[in-house]
Amino acid sequence: MGKIEDLKKKEELMLDLDIKFENDAYYKDYCGEKDGPYCSCCFDFNDKLVRMHEICENDAKNNIYNYICPKCKTKILIE
Ligand SMILES: [Zn+2]
């Protein structure tokens, strides 16, 4: 399957699950409330919705992260 079909499939899946991409992560709409964040890496590569865990971490370059994916360990900062 080509890249365009992949993208289309992903968009359909996002519609099915009612999720949106925002601030480097996915969010579910849950009764008008934002539910998430969910890891974008796990969803994009494995179609898995993995809820990210709250952390407070600085790396060697002094970047701050406040969410981590328990599966693939992707870290992000959500303001
Ligand atoms: Zn992940």
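Above this note sits the structure.
Note that this is a predicted model, so its numbers are computed, not measured.

## Things to note about the sheet that holds strand β1 (residues 19–22)
Okay, so step 1: The sheet built from three strands is open, its strands ordered β1-β2-β3 with antiparallel pairing. Only two strands of the sheet have a single neighbouring strand rather than two, namely β1 and β3 (33–39). When the angles between neighbouring strand axes are averaged without regard to direction, this sheet yields 35°.
Okay, so step 2: Pairing of strand β2 (residues 25–30) with β3 involves five bridges; the strand directions are antiparallel. Across the sheet, the residue bridging to Lys-28 is Asp-35, located in β3.

## Describing the sheet that holds strand β4 (residues 53–58)
Strands pair in a sheet through their backbones, by hydrogen bonds, and they do so in one of two ways: parallel or antiparallel.
Okay, so step 1: Taken in spatial order, the three strands line up as β4-β5-β6 in an open sheet, and their pairing is antiparallel. Strands with a single pairing partner mark the edges of an open sheet, and in this sheet they are β4 and β6 (75–76).
Okay, so step 2: The pairing of strand β5 (residues 64–68) with β6 spans two bridges and is classified as antiparallel. From the neighbouring strand, Tyr-67 faces β6, where its bridge partner is Ile-76.

## Some words on the environment of Gly-32
Okay, so step 1: Position of Gly-32 relative to the elements: it lies in the loop between β2 and β3.
Okay, so step 2: Gly-32 sits in the exposed class, given 5 other C-beta atoms within 10 Å.
Okay, so step 3: Taking the C-alpha atoms as reference points, Gly-32 and Ala-60, 28 residues apart in sequence, are found 38 Å from one another.

Rules of the game
- Residues numbered from 1 in each chain as written.
- Predicted model: local features only at pLDDT ≥ 70, side-chain atom pairs only at ≥ 80, totals over all residues.
- Pairing = 2+ DSSP bridges.
- Helix = DSSP H or I, 4+ residues; strand = E, 2+ residues; numbered from the N terminus.
- Axes fitted to C-alpha atoms, helices over the stretch in contact; angles between N-to-C directions.
- Buried ≥ 20, exposed ≤ 12 C-beta atoms within 10 Å, placed from the backbone.

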